[in-house]
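Architecture at a glance
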Amino acid sequence: MPRVKVPELFDADWDSVIISTYGADLAFYERDLWRQVDRAKNRLIFADGRQVTRRLLAAEGTGQLRQINRTYVLAQLQTAHAAHAKLILLLAEDRGLLAVGSGNLGMDGYASQGECFTTYRWSETDPQHLSAFVAAKDFLDEIIARRLVDQLVKPRVQQAWQDAPWIYGQVSNATPPVRHNLDRPLLDQFVDAINGRPVDELTIHAPFYDHRCHALAELIAKVAPQRLQVLIQE
């Protein structure tokens, strides 16, 4: 797969730009990404509420933001746990681009090494990835339905769907390539996808692990790989 240069994804003309992130460097968004997204008439950022509040209260996060909730909507997710989903959803009437990965909205997440993104594109001549877009739409709609964000966000999101009516298209019953854990843990979905087949090798790559690596231990127990490789940072 080629290297994904995230900032360049925004270069085309889009009607809607929707970003979901854990941490949001809004100064980076307004300073460095703004010239690429200012042509879009609908701009939204979904971000973890605690992370946004902490950054806004920090000294470096005040006094330099001019566009927040004026030319783009900041939707702060209020959940008992971390709102960690990261995606970039770019929509137009005749095309779409979806990037799902590990990078937070910021210079480190979008323009530095060490992050991983998978991209999907839709057009009338290449509709094969429609299910990925529908899954992203359903995820955002479910966040709104559960009132995890201010309801003022709802009409802006609905406008994004209306401006890209193809996203309402019918998809097959096959499991989409993009998944979320609002209903079921991702670990259970991962085990289901393996479907009882023997695992020769399991490779884990993550920047952080929970205390005593409980999640990793449960994954190993359920997958039972013959070989295990765990990649960690120093």
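What this report covers is the structure whose coordinates are included nearby. Throughout this description, residue numbers start from 1 for each chain and increase along the sequence as written. Side-chain atom pairs in this predicted model are given and counted only at pLDDT of 80 or more, local residue features only at pLDDT of at least 70, and totals for whole chains, interfaces and linings cover all residues. Water and hydrogen atoms play no part in the side-chain values, which are based on all heavy atoms of the structure.

1. Quick word on the layout of surface pockets
With a probe scaled to a water molecule rolled over the atoms, the places where space remains empty come into view. Residues are said to line a cavity or pocket when one of their atoms sits within 4 Å of a point; the points come from a 1 Å grid over protein atoms alone, cavities being sets where a 1.4 Å probe fits but cannot get out and pockets being open sets with protein on both sides within 12 Å along at least five of seven lines. Grid points are joined across faces, edges and corners, and a volume is the space filled by probe spheres set on the points. Within this model, the second largest pocket holds a volume of roughly 270 Å³. Taken together, 15 residues form the lining of the second largest pocket, with Ala135, Asp138, Pro176, Val178 and His180 sitting closest to its centre. Each residue receives one of three labels: charged for Asp, Glu, Lys and Arg, nonpolar for Ala, Val, Leu, Ile, Met, Phe, Trp, Tyr, Cys and Pro, and polar for the others, Gly being one of them. Of the residues that constitute the lining of the second largest pocket, the class distribution is six nonpolar, five polar and four charged.

2. Thoughts on empty space enclosed by the protein
For the structure shown, the criterion picks out one cavity of 30 Å³ or more. What the largest cavity holds in volume is close to 30 Å³. Lining the largest cavity, in full, are Phe10, Ala12, Asp13, Trp14, Val17, Gln36, Val37, Arg39 and Ala40. Each residue belonging to the lining of the largest cavity can be placed in one class, and the counts come to six nonpolar, one polar and two charged.

3. A closer look at the packing of helix α4 (residues 130–145) against helix α5 (residues 153–163)
Axis geometry follows a simple rule: fit a line to the C-alpha atoms, using only the stretch in contact for helices, then measure angles between N-to-C directions, giving values from 0 to 180 degrees. For the purposes of this entry, the term helix denotes a DSSP run of H or I that reaches at least four residues, the term strand denotes a run of E that reaches at least two, and both are numbered from the N terminus. Between α4 and α5, the shortest axis-to-axis distance is 11 Å and the interhelical angle comes to 160 degrees. Judged on the interaxial angle alone, α5 and α4 are roughly antiparallel. Seen from above, α4 lies across α5 with left-handed handedness. Seen from α4, the contacting residues are Lys137, Leu140, Asp141 and Ile144; seen from α5, they are Lys154, Val157 and Trp161. Classifying every residue of the contact of α4 with α5 by side-chain character gives four nonpolar, no polar and three charged. Note on angle classes: values under 35 degrees are labelled roughly parallel, values over 145 roughly antiparallel, values of 65 to 115 roughly perpendicular, and the remainder oblique. The hand of a helix crossing depends on one turn: near helix anticlockwise from the far one by less than a right angle means left-handed, and clockwise means right-handed. Two residues form a contact once any of their heavy atoms are found within 4.5 Å.

4. Regarding the pairing of strand β2 (residues 42–48)
When a residue's accessible area, from a 1.4 Å probe over protein chains only, is under 20% of the maximum for its type it is buried; when over 50% it is exposed; and in between it is partly exposed. Most of β2 is tucked away: seven of the seven residues are buried. Residues Asn42, Leu44, Phe46 and Asp48 line one face of β2 and the alternating positions Arg43, Ile45 and Ala47 line the opposite face, and both faces are buried. Should DSSP find at least two bridges between two strands, the strands are taken to pair. Here six bridges tie strand β1 (residues 16–21) to β2, and the two strands are oriented parallel to one another. Bridge pairing in β2 places Ile19 opposite Ile45. Handedness is read with the strands pointing away from the viewer; a crossover is right-handed when the path from the first strand over the helix to the second is clockwise. Taken together, β1, helix α1 (residues 26–37) and β2 form a β-α-β motif whose crossover is right-handed. Direction of pairing for β2 relative to strand β3 (residues 73–77): parallel, over a ladder of five bridges. Bridging across to β3, Ala47 finds its partner in Gln76.

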